[in-house]
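# Summary of the model geometry
The lines below spell out each chain.
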Amino acid sequence: MHHKRIQFLVVFLLCLILAGCGTNQPQAVLPQEPDLPQVEQPEPQPEPEQIVEPEITPEPIPEPEPEPEPISIRITAAGDNLLHNTVSFACALPEGGYDFHPVYENIKKIIEGSDIAFINQEVMLTGEASAYPNLAAPTENADALIDAGFNVINLATNHTLDKGVSGLETCLETVHARPFDAVLGAFRTEEESTQLCILEKQGIRFGFLSYTYGLNGYRLPSDKQWKIALIDETKIQNDLAAIRPECDYLIVSMHWGNEYQTTESSYQNELAQLLCDGGADLIIGTHPHVLQPMKWLEREDGHKTLCAYSLGNFVSNQHKRATMLGGILEVELLFEEDGSLKEIASAGVIPTVTHYKKGHYTIYQLTEYTDELAAEHGMQGYETPFNMTYLAELSNKILGENAITWEGEHD
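Structure report, in brief. It should be emphasised that the depicted structure is a prediction, and the values quoted were computed from it without experimental measurement.

### Concerning the pairing of strand β10 (residues 304-311)
Counting buried residues along β10, 7 of its 8 residues qualify, which places the element largely inside the surrounding structure. The sheet contact formed by strand β8 (residues 282-286) and β10 spans 3 bridges and is parallel. Among the inter-strand pairings, Leu282 is bridged to a residue of β10, identified as Leu306. When strand β9 (residues 291-298) meets β10, the two strands line up antiparallel, connected through 7 bridges. Residue Met294 lies in a different strand from β10, and its bridge partner there is Ala308. Two successive antiparallel strands, β9 and β10, enclose a turn made up of 5 residues, where Gly302 displays a positive phi of approximately 95°.

### Examining helix α8 (residues 233-243)
Listed as buried for α8 are Ile236, Asp239, Leu240 and Ile243. What you see down the axis of α8 is that its buried residues fit within an arc of 100°, all on one side. Along α8, the residues that are exposed and aim more than 90 degrees away from the buried face are Thr234, Asn238 and Ala241. Check the buried side of α8 and you find it contacts β5 (197-201), β6 (204-212), β7 (249-255) and α9 (266-277). The backbone nitrogen of Thr234 has a side-chain oxygen 3.2 Å away, supplied by the residue at the start of α8, namely Asp232.

### Some remarks on the sheet that holds β5
Pairing within the open sheet is mixed, and its 6 strands lie in the order β5-β6-β7-β8-β10-β9. Of all the strands in the sheet, the pair left with one neighbour each is β5 and β9. Here the strands of the sheet are splayed against their neighbours by 20° on average, with no regard to which way each runs. With respect to the sheet, α8 is in contact with β5, β6 and β7, its orientation differing from that of β6 by roughly 170°.

### Observations regarding the packing of aromatic side chains
Describing an aromatic ring pair means giving the distance of the ring centres and the angle of the ring planes. A complete count under the given rule lists 10 aromatic pairs for this structure. Aromatic side chains Tyr98 and Phe100 sit 6.2 Å apart centroid to centroid with 25° between the ring planes, which places their arrangement in the stacked category. Among the residues examined, Tyr98 registers a relative accessible area of 24% and is labelled partly exposed. Since its relative accessible area comes to 1%, Phe100 is described here as buried.

### A few points about the pairing of β6
In terms of burial, β6 is largely enclosed, as 8 of its 9 residues are buried. In this antiparallel pair of consecutive strands, β5 and β6, the connection spans 2 residues, and Gln202 shows a positive phi of 55°. Two elements, β6 and β7, share 7 bridges in a ladder whose sense is parallel. Paired with Phe206 across the strands is Tyr249, a residue of β7.

### Topic: the side chain of Asp115
Note that Asp115 resides in the loop between α4 (108-111) and β2 (116-120). The charged side chain of Asp115 is buried without a salt bridge, its nearest counter-charge being Lys201 at 6.4 Å. In terms of polar contacts, Asp115 uses its side chain to reach the backbone amide nitrogen of Arg74, at 2.9 Å. In terms of polar contacts, Asp115 uses its side chain to reach the side chain of Gln202, at 3.0 Å. Among all residues touching Asp115, those that are not within four sequence positions of it are Ser72, Ile73, Arg74, Asn151, Lys201 and Gln202.

### Points about the environment of Gly359
Mapped onto the secondary structure, Gly359 falls in the loop between β13 (341-357) and β14 (360-365). Here Gly359 falls in the partly exposed class, since its relative accessible area comes to 48%. Along the sequence, Gly359 and Val87 sit 272 residues apart, while their C-alpha atoms lie 7.6 Å from each other.

### Here's the deal with a nonpolar patch on the surface
Together, Trp296, Leu341 and Ile344 make up a nonpolar patch on the protein surface, roughly 260 Å² of accessible area in all. Relative to the elements of secondary structure, Leu341 occurs in strand β13.

### Topic: the side chain of Thr362
When you line up the elements, Thr362 lands in strand β14. Looking at Thr362, its side chain comes within polar contact range of the side chain of Asn106, at 3.1 Å. For Thr362, the contacting residues outside a window of four places in its chain are Pro102, Val103, Glu105, Asn106, Val353, Thr354 and His355.

### A few points about the pattern of salt bridges
On inspection of all chains with the given rule, the structure shows 16 salt bridges. Residues Lys201 and Asp181 are paired through a salt bridge, measuring 2.8 Å at the closest nitrogen-oxygen approach. In this pair, Lys201 sits in strand β5 while Asp181 sits in the loop between α6 (164-176) and β4 (182-184), placing the two residues 20 residues apart along the sequence. A relative accessible area of 18% means that Lys201 is categorised as buried. A salt bridge links Asp281 to Arg244, with the nearest nitrogen and oxygen atoms 2.7 Å apart. Of the two residues, Asp281 is situated in the loop between α9 and β8 and Arg244 in the loop between α8 and β7; the sequence distance between them amounts to 37 residues. The residues Asp281 and Arg244 share a single accessibility class, namely buried.

So, how was this worked out
- Residues numbered from 1 in each chain as written.
- Predicted model: local features only at pLDDT ≥ 70, side-chain atom pairs only at ≥ 80, totals over all residues.
- Heavy atoms only, no water.
- Buried < 20%, exposed > 50% of the residue type's maximum accessible area, 1.4 Å probe, protein only.
- Helix = DSSP H or I, 4+ residues; strand = E, 2+ residues; numbered from the N terminus.
- Pairing = 2+ DSSP bridges.
- Arc of directions from axis to C-beta.
- Contact = heavy atoms within 4.5 Å.
- Polar contact = N/O pair within 3.5 Å; in protein donor to acceptor, adjacent residues only side chain to side chain.
- Axes fitted to C-alpha atoms, helices over the stretch in contact; angles between N-to-C directions.
- Phe/Tyr/Trp six-rings, centres within 6.5 Å; stacked < 30°, edge-to-face > 60°.
- Lys, Arg positive; Asp, Glu negative; His and termini not counted.
- Salt bridge = Lys/Arg side-chain N within 4 Å of Asp/Glu carboxyl O.
- Patch = residues over 30% accessible without salt bridge, like charges linked within 9 Å, V, L, I, M, F, W, Y side chains within 5 Å.
- Areas by Shrake-Rupley, 256 points an atom, 1.4 Å probe, with all protein chains shown as cover.

These values are about where atoms sit, not about what they do.
Here's what the structure looks like:
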């Protein structure tokens with residue numbers, strides 16, 4: 001017990017000693033934060049509704065309008081439909097009447113489908129089969145021409161008065177009774193002779209004029225001078241001035257030149273330039289019975305005129321071998337919608353051959369003709385050699401690169 005008390009005292013004394021060893025420095029007092037006024041917290045506001053802007057679809061950019069397609073016009077023109085009485089006799093039917101369709105059956109594919117298809121009706125269709133020098137032919141020929149596709153017929157030739165004024169009037173009645181779109185160069189009345197001849201195709205206006213150099217010595221009565229259009233430079237200039245503003249494209253038929261000459265005369269050149277200067281776009285030449293060149297003419301302001309000086313014979317019974325080679329002019333034109341000429345797409349002459357033998361007459365494209373056909377041609381009894389070599393060389397000499405071939409269907 002005594003021992004425990006001593007242990008307690010020792011522990012007590014040690015505690016006192018340890019307490020005396022502490023520092024007398026005051027303890028640091030931390031400053032108190034000042035009281036801040038209490039700020040009322042705003043009541044939480046509801047989130048505003050989010051406005052969703054409608055999605056804007058951009059307007060599609062319009063595609064540019066396609067350019068309008070040009071208006072395509074095809075013109076064909078054939079030369080002298082020279083119906084000697086032998087041609088008519090070959091087309092006579094046993095039961096009476098005439099059928100000229102076989103004459104044109106091989107070239108119908110070229111003519112049909114043309115917008116304008118011109119034919120020079122060399123002899124008047126009076127109902128007769130009359131011999132040279134006063135030629136005339138049956139009226140049934142007009143039906144065959146329509147069937148072949150011709151729609152513009154020219155009557156101003158040197159044979160227009162072969163059967164007098166009455167024969168011309170019969171012919172005029174004949175062609176006007178058929179669905180030709182235009183009859184050129186001869187007139188039924190004085191009023192008709194003063195009217196502009198304008199033909200509209202696909203909205204394009206085509207004007208026509210036609211003249212012949214003469215009437216084989218025959219004269220019109222003084223009170224009927226208007227009945228046939230004769231070449232007169234002053235009249236031609238006046239006619240050009242009247243019709244040119246009224247049409248988009250002007251075609252002039254000229255029965256002119258020297259027979260059997262394969263080159264144009266100086267007078268043809270003069271008249272052609274007069275026509276060009278007056279605004280003609282196309283000149284279709286007939287009368288020489290043989291082909292003559294096709295050329296471009298130009299006036300001072302750059303206007304160009306296509307001139308086929310002579311398309312030769314379309315069909316005939318002549319006995320000079322050069323007269324068997326003719327041509328079909330073919331021109332493809334492109335026009336704007338306003339009627340202005342955009343482009344001359346193509347122009348040339350398709351060489352043709354009149355074939356006759358033993359009372360049979362027909363027309364071939366030169367490229368479809370053969371030496372076998374030439375060997376049986378009636379020309380073998382008149383002028384030789386008459387073969388493909390001769391015909392091809394003559395075509396090349398006259399037409400050169402302007403000779404073209406028709407090979408397919410029309411558009």
